[in-house]
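# Results of the structural survey
Okay, here's what each chain looks like letter by letter:
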Amino acid sequence: MALSYLRSSSSRSANLLKPLSSSLPLRRHISTDTTPITVETSVPFTSHQCDAPSRSVETNPKELLTFFRDMALMRRMEIAADSLYKAKLIRGFCHLYDGQEAVAVGMEAAITKKDCIITSYRDHCTFIGRGGTLLEVFAELMGRQGGCSKGKGGSMHFYKKDSNFYGGHGIVGAQVPLGCGLAFAQKYSKDETVTFALYGDGAANQGQLFEALNISALWDLPAILVCENNHYGMGTAEWRAAKSPAYYKRGDYVPGLKVDGMDALAVKQACKFAKEHALKNGPIILEMDTYRYHGHSMSDPGSTYRTRDEITGVRQERDPIERIRKLILSHDLATEKELKDIEKEVRKEVDDTITQAKESPMPDPSELFTNVYAKGLGVESFGADRKELRASLP
Amino acid sequence: MATSFHGVGAAVAALSSSPSNSFDSKKLLCSPRRSFPVRKGASFVVARSDGSVNFDLNPKARRAQQLIVNAVATKSDSSPASSSSKPGHELLLFEALREGLEEEMDRDPRVCVMGEDVGHYGGSYKVTRGLAEKFGDLRVLDTPIAENSFTGMGIGAAMTGLRPVVEGMNMGFLLLAFNQISNNCGMLHYTSGGQFTIPIVIRGPGGVGRQLGAEHSQRLESYFQSIPGIQMVACSTPYNAKGLMKAAIRSENPVILFEHVLLYNLKERIPDEDYICNLEEAEMVRPGEHVTILTYSRMRYHVMQAAKTLVNKGYDPEVIDIRSLKPFDLHTIGNSVKKTHRVLIVEECMRTGGIGASLTAAVTENFHDYLDAPIMCLSSQDVPTPYAGTLEEWTVVQPAQIVTAVEQLCK
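Residues numbered from 1 in each chain as written. Chains lettered and ligands numbered in written order. Predicted model: local features only at pLDDT ≥ 70, side-chain atom pairs only at ≥ 80, totals over all residues. Heavy atoms only, no water.

### Describing the overall build of chain B
The condition that has to hold: Each helix is a run of H or I in the DSSP string that is no shorter than four residues. Each strand is a run of E no shorter than two, and both are numbered from the N terminus. The cut-offs for exposure are 20% and 50% of the maximum accessible area for each residue type, with area from a 1.4 Å probe on protein chains only; residues under the lower value are buried, those over the upper are exposed, and the others partly exposed. For this analysis, residues touch if any pair of their heavy atoms sits within 4.5 Å. Working definition of accessibility: Shrake-Rupley area with a 1.4 Å probe, residue cover restricted to the visible protein chains.
Secondary structure assignment for chain B yields 13 helices and 14 strands. Taking all 411 residues of chain B together, 62% fall into the buried category. Long-range contacts, defined here as pairs at least 24 residues apart, represent 83% of the contacts in chain B between residues at least 6 apart. When the accessible surface of chain B is totalled, it reaches about 14,600 Å², and 54% of it is carbon and sulfur.

As structure tokens, this is what we get:
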């Protein structure tokens, strides 16, 4: 087995893999194979006020397979969320990320869990990328107490403190000053970590972004502002909302980089570059050129302001999962069947989790009053008579 | 001078009890005499029908004072914490705030200050003077004029465990940061299921000053009071300013500390030792029997001034500085209402939707059975604060109106 492992990693012939697949689960040896592979990104980077990183990205079979699996999981999860919403198990707002998965997985590959990420309401996949479980996602979406925010946050308020995922924010653009505050705290504590503050092309026109950018540049904060440009701010195309849709240049004195957001490896390279830059020189803006297949949210069909041809065109030419699939197949890291098996397995995992989440309990009514205040210095509002507690806010 | 005031229905229900006419010489427990440099403009004399004369502390009206000075026995504050037995030290209110802030910054390296002109300039009201030199630029941060974003940054930093103190140069400017304060500051602890606490303190001067104009005379406590998840406190004396500042910094919850532009130069003797004031406790300024007067911030002084007149007329008002604007200290207030059965609220907020409006509702809801008369609430007029001095004076509740209101209430 060791010999065939060596042979399979050195030679690129597909034949060698066939006998192995029958006796061993293929995943075992691919998932530990870290032989470096160099891949070129789809398009070169465009830069503003800085030197663009190289187009050649180092990766390895294990990473590519992880990308594939994670993106397949995210895609499946979002599509399942679509059906759940239509079945009225998810209420309120539901903003789906399918099409943009490469940004989440590429970013994770370049950073550690000590770096902070903060994003907007389109946060389901970013949460998974940060280590959240499927059950937490579905339970939260359905308002169950097993959700990541105990069912009290909903689709737009996913948080995971232990892996430095700061959410999950409903108000467009409000997360960017928060993100710069996270970067400030990192600088204050001298952590040598960075913060990625994600926002969309719609939020790029918010004034508080420029305020926060100014302060970050002044104080040299390790803040990386990432514009996930899916070209539509709700129903308004970017050319109708922004005089200058070159969002990576909006920083003026702050360097920027434009990245193909559908190429996970390009995203990884850009984030790695940005992290190094931010730790040395302060803020930088990344513009991820990406696309969302669904509408802005579940109430938006997504086809009144763009043609179906456009959507299918992007899906055929630039889909992130297909790109990784082609890479894996062309480098003979796995067969078609194996990849299909992974997708089937992912689908089953999602379905099982949904079943589990559907049966999980709703929050207890007393949870209405928990977590309004943190306990400290006697934060309890007593009723008129201290003997009788009207509402004890723990 | 015709004084008009609000909340006094002409038909006050016939009251069974009548105020005792014997002069109650119970000693007054009011705060020690302090200089009022800010009040030089407010001089007026109201002649009452019974011949007694209202006065104010303005030296110009001093001739009236001789009549009453021996009745107004101003003792030093004998509330338990600020004891007159310990020497203590005298300082002004803004210095007390600075002392509290400095002590907390010494005690906890995670405390930092951010705001406009707080660092090198020393603070527009000198609250942070000297701190930048002592703690450095990373802990006392001069921000650009971008309230929305630097408040957001303070909240983001607080999510990681830092304890920022965000200063609004004037509370009115924090309206620009309303989104951050409401959605992120107040609600993040809840929407994250308890994962994040936001131990931020947002402070700044507000209230009606001396002809500062409409936009610089705002009372934001009425706008912020509905935000779930925040606590609001208003300081009124150097003692409670320092105590509340320290408690707010130590609290795990977001606290908004309301100071008043005109109170920064109050002088008081405060203890040397470390102390904090409970964030949800009201302060009993002057115990009494006849009527409960609930007030906070600058109106406390108008009330105390009116109290002197009232005492001369034979009334015995109980004055409570509610201090905690959210949540209300219904325990202290309730005990008082059960004792006096009459409530007068004196506030600086506008009539509509102010703290007084909420307090009226809260007291009515909880203590309706104990009330002998409808609650009276004296608030500022529902107008933008005018620039002209006389107009501005009529916008805000004046002591004479308080006296008249108490008389009406106690009929």
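The rest of the description comes next.
### Brief notes about the overall build of chain A
Per the secondary structure count, chain A includes 14 helices and 10 strands. Burial statistics for chain A: of 394 residues in total, 57% are counted as buried. Contacts in chain A between residues far apart in sequence, at least 24 positions, make up 72% of those at least 6 positions apart.

### A short note on the side chain of A:His95
Checked against the element boundaries, A:His95 lands in the loop between α4 (61–86) and α5 (101–110). Not counting residues within four places of it along the chain, the set of residues in contact with A:His95 comprises A:Glu78, A:Tyr121, A:Arg122, A:His124, A:Ser155, A:Met156, A:His296 and A:Ser297.

### Details of helix α13 (residues 320–330) of chain A
Because the α-helix completes a turn every 3.6 residues, residues three or four places apart line up on one side. All names here are of chain A. Defined as follows: The arc in question is formed by the directions pointing from the helix axis toward the C-beta atoms.
Taken together, the buried positions of α13 are Pro320, Ile321, Ile324, Arg325, Leu327 and Ile328. An end-on view of α13 places all buried positions within 160° of arc, on one side of the element. Within α13, the exposed residues directed more than 90 degrees away from the buried face are Lys326 and Ser330. Check the buried side of α13 and you find it contacts β1 (37–40), α4, α5, α11 (264–281), α12 (308–318) and α14 (336–359). Within two residues after α13, aspartate 332 carries a phi angle of roughly 55°, on the positive side.

### As for the interface of chain B and chain A
The condition is simple: Note on definitions: buried area is the accessible-area loss of two parts on being combined, 1.4 Å probe, summed for both. Only one rule defines a salt bridge in this text: a Lys or Arg side-chain nitrogen within 4 Å of an Asp or Glu carboxyl oxygen.
Counting residues at the interface gives 58 residues for chain B and 48 residues for chain A. Buried area between chain B and chain A, both sides added, is near 4,300 Å², and the carbon and sulfur share of it is 63%. Ranking the residues of chain B by area buried against chain A places B:Met153, B:Tyr190 and B:Gln195 at the top, with a combined share of 17%. Between chain B and chain A we count zero salt bridges in total.

### Quick look at the UniProt feature "domain: Transketolase-like pyrimidine-binding" (unreviewed entry) in chain B
The condition is simple: UniProt positions are given in the numbering used here, feature names are shortened, and annotations may be inferred rather than shown by experiment.
Within this structure's numbering, the places UniProt gives as "domain: Transketolase-like pyrimidine-binding" (unreviewed entry) are residues 91–266 of chain B. The distance separating the terminal C-alpha atoms of residues 91–266 of chain B is 8 Å; by composition the span is 36% helix and 18% strand.

### What to know about the packing of helix α9 (residues 299–313) of chain B against helix α13 (residues 399–409) of chain B
Residue and element names in this part refer to chain B. The criterion, for reference: Orientation is described by lines fitted to C-alpha atoms, with helices fitted over the stretch in contact, and by angles between N-to-C directions that extend from 0 to 180 degrees. For classification purposes, an angle smaller than 35 degrees is called roughly parallel, one larger than 145 roughly antiparallel, one from 65 to 115 roughly perpendicular, and anything else oblique. Whether a crossing is left-handed or right-handed is set by the direction in which the near helix is turned from the far one by less than a right angle, anticlockwise for left-handed and clockwise for right-handed. Gly falls in the polar group here, along with every residue not listed as nonpolar (Ala, Val, Leu, Ile, Met, Phe, Trp, Tyr, Cys, Pro) or charged (Asp, Glu, Lys, Arg).
Contact pair α9 / α13: the axes reach a minimum separation of 8 Å and the direction vectors enclose 50°. Between α9 and α13, the angle falls in the class oblique. In this structure, the crossing between α9 and α13 has a hand that is right-handed. Residue-level inspection shows His302, Val303, Gln305, Ala306, Thr309, Leu310 and Lys313 of α9 in contact with α13, the latter providing Pro399, Ile402, Val403, Val406 and Glu407. Counted by class, the contact of α9 with α13 contains seven nonpolar, three polar and two charged residues.

### Considerations on the packing of helix α8 (residues 175–188) of chain A against helix α4 (residues 147–160) of chain B
Interhelical geometry of α8(A) versus α4(B) gives an angle of 55° and a closest axis separation of 6 Å. Compared by their axis directions, α8(A) and α4(B) come out oblique. By crossing handedness, the relation of α8(A) to α4(B) is classed as right-handed. Contacts between α8(A) and α4(B) involve A:Pro177, A:Leu178, A:Cys180, A:Gly181, A:Leu182, A:Phe184 and A:Ala185 from the former and B:Ser149, B:Gly152, B:Met153, B:Ile155, B:Gly156, B:Ala157, B:Met159 and B:Thr160 from the latter. Among the residues making up the contact of α8(A) with α4(B), the classes are represented as 10 nonpolar, five polar and no charged.

### Topic: the pattern of salt bridges
Side chains that carry opposite charge are capable of pairing whenever their charged atoms lie near each other. All names here are of chain B. Throughout the structure, instances matching the rule amount to 41 salt bridges over all chains. For lysine 134, the salt bridge is made with glutamate 102, and the minimal N-O distance between the two is 2.8 Å. Here glutamate 102 lies in helix α2 (residues 93–107) and lysine 134 lies in helix α3 (residues 131–135), a separation of 32 residues in the sequence. The exposure class assigned to glutamate 102 is partly exposed, which follows from its relative accessible area of 24%.

### Here's the deal with the sheet that holds strand β9 (residues 256–260) of chain A
Residues and elements named next belong to chain A. Applicable threshold: Whether two strands pair depends on DSSP finding at least two bridges between them.
Taken in spatial order, the six strands line up as β2-β9-β10-β6-β5-β4 in an open sheet, and their pairing is mixed. Of all strands in the sheet, those bounded by a partner on one side alone are β2 (46–48) and β4 (116–118). Neighbour-to-neighbour, the strand axes of this sheet turn through a mean angle of 20°, independent of strand direction. Bridge analysis of β9 against strand β10 (residues 284–289) gives five bridges, and the strand direction is parallel. Within β10, the residue paired with glycine 256 across the bridge is isoleucine 285.

### Observations regarding the packing of aromatic side chains
The geometry of an aromatic ring pair is captured by the separation of the ring centres together with the interplanar angle, meaning the angle of the planes. Residue and element names in this part refer to chain A. Keep this limit in mind: Each Phe, Tyr or Trp ring (for Trp, its six-membered ring) is paired with any other whose centre lies within 6.5 Å, and the angle between the two planes then decides the class: stacked below 30 degrees, edge-to-face above 60, tilted in between. Definition used: whenever NZ (Lys) or CZ (Arg) falls within 6 Å of the ring centre and also within 35 degrees of the ring normal, the charge is taken to sit over that ring.
Overall, the coordinates contain 12 aromatic pairs over all chains when judged by the stated rule. When the centroid spacing of 6.1 Å and the interplanar angle of 50° are considered together, the rings of phenylalanine 127 and phenylalanine 165 count as tilted. You can see phenylalanine 127 sitting in helix α6 (residues 124–129) and its partner phenylalanine 165 sitting in the loop between α7 (134–141) and α8, a full 38 residues away along the chain. According to the relative accessible area criterion, phenylalanine 165 is buried, its value standing at 0%. On the basis of an interplanar angle of 55° and a centroid distance of 6.4 Å, the ring pair of tyrosine 291 and tyrosine 293 is categorised as tilted. Tyrosine 293 carries the same exposure label as tyrosine 291, and that label is buried. Following the ring pairs from residue to residue traces out a cluster consisting of Tyr232, Tyr291, Tyr293 and Tyr305. The residue whose ring lies beneath arginine 306 is tyrosine 232, and the NZ or CZ to ring-centre distance is 5.5 Å.

### Notes on the UniProt feature "domain: Dehydrogenase E1 component" (unreviewed entry) in chain A
The positions that UniProt labels "domain: Dehydrogenase E1 component" (unreviewed entry) are, in the present scheme, residues 69–365 of chain A. Span residues 69–365 of chain A is 46% helix and 10% strand, its end C-alpha atoms 38 Å apart.

### Here's the deal with the sheet that holds strand β10 (residues 291–295) of chain B
Residues and elements named next belong to chain B. Strand order in the open sheet formed by five strands is β9-β11-β10-β13-β14, with mixed pairing between adjacent strands. Among the strands making up the open sheet, the edge pair consists of β9 (283–286) and β14 (376–380). When strand polarity is set aside, the average angle formed by the axes of neighbouring strands in this sheet is 25°.

### Side note on the confidence of the model for chain B
Residue and element names in this part refer to chain B. Which entries qualify depends on this criterion: Per-residue confidence from the prediction method is given by pLDDT, with values spanning 0 to 100.
With 79% of its residues at a pLDDT of 70 or more, chain B shows a mean pLDDT of 82. Low confidence marks residues 1–83, where pLDDT is under 50. Its contacts with residues over four positions away, or in another chain, come to 138 contacts. Quick note on the complex model: pTM equals 0.79, ipTM equals 0.79.

### Description of the nonpolar core
Rule in force here: Here, nonpolar core refers to any group of buried Ala, Val, Leu, Ile, Met, Phe, Trp, Tyr and Cys residues whose side-chain atoms link them within 4.5 Å.
Grouped together as the largest cluster of nonpolar side chains are 79 residues, with contacts concentrated most on A:Phe184 and B:Phe224. Here B:Phe224 is in contact with B:Leu174, B:Phe178, B:Ile181, B:Ile230, B:Met232, B:Ile256 and B:Phe258, once residues within four sequence places are set aside. A:Tyr85, A:Ala264, A:Val267 and A:Phe273 belong to the second-largest nonpolar core, a separate cluster that totals 72 residues.

### Notes on the pairing of β1(A)
All names here are of chain A. Burial along β1 is one-sided: the face carrying Ile37 and Val39 is buried and the face carrying Thr38 and Glu40 is not. Direction of pairing for β1 relative to strand β3 (residues 56–59): antiparallel, over a ladder of four bridges. By the bridge assignment for β3, isoleucine 37 is matched with threonine 59.

### A few points about the confidence of the model for chain A
Residue and element names in this part refer to chain A. Mean pLDDT over chain A: 87, with 87% of residues reaching 70 or higher. Within the model, pLDDT remains below 50 along residues 1–28, and this stretch shows 25 contacts once partners closer than five positions in the same chain are excluded. Segment residues 388–394: pLDDT under 50, and 19 contacts once partners within four positions in sequence are set aside and those in other chains are kept.

### Thoughts on unusual backbone geometry
Here the amide bond leading from A:Gly167 into A:Gly168 is cis, since omega sits at 20°, within 30 degrees of zero. Looking at the secondary structure, you find A:Gly168 in the loop between α7 and α8. With omega at 0°, the peptide bond leading from B:Lys326 into B:Pro327 counts as cis. Assignment of secondary structure puts B:Pro327 in the loop between β12 (324–326) and α10 (330–340).

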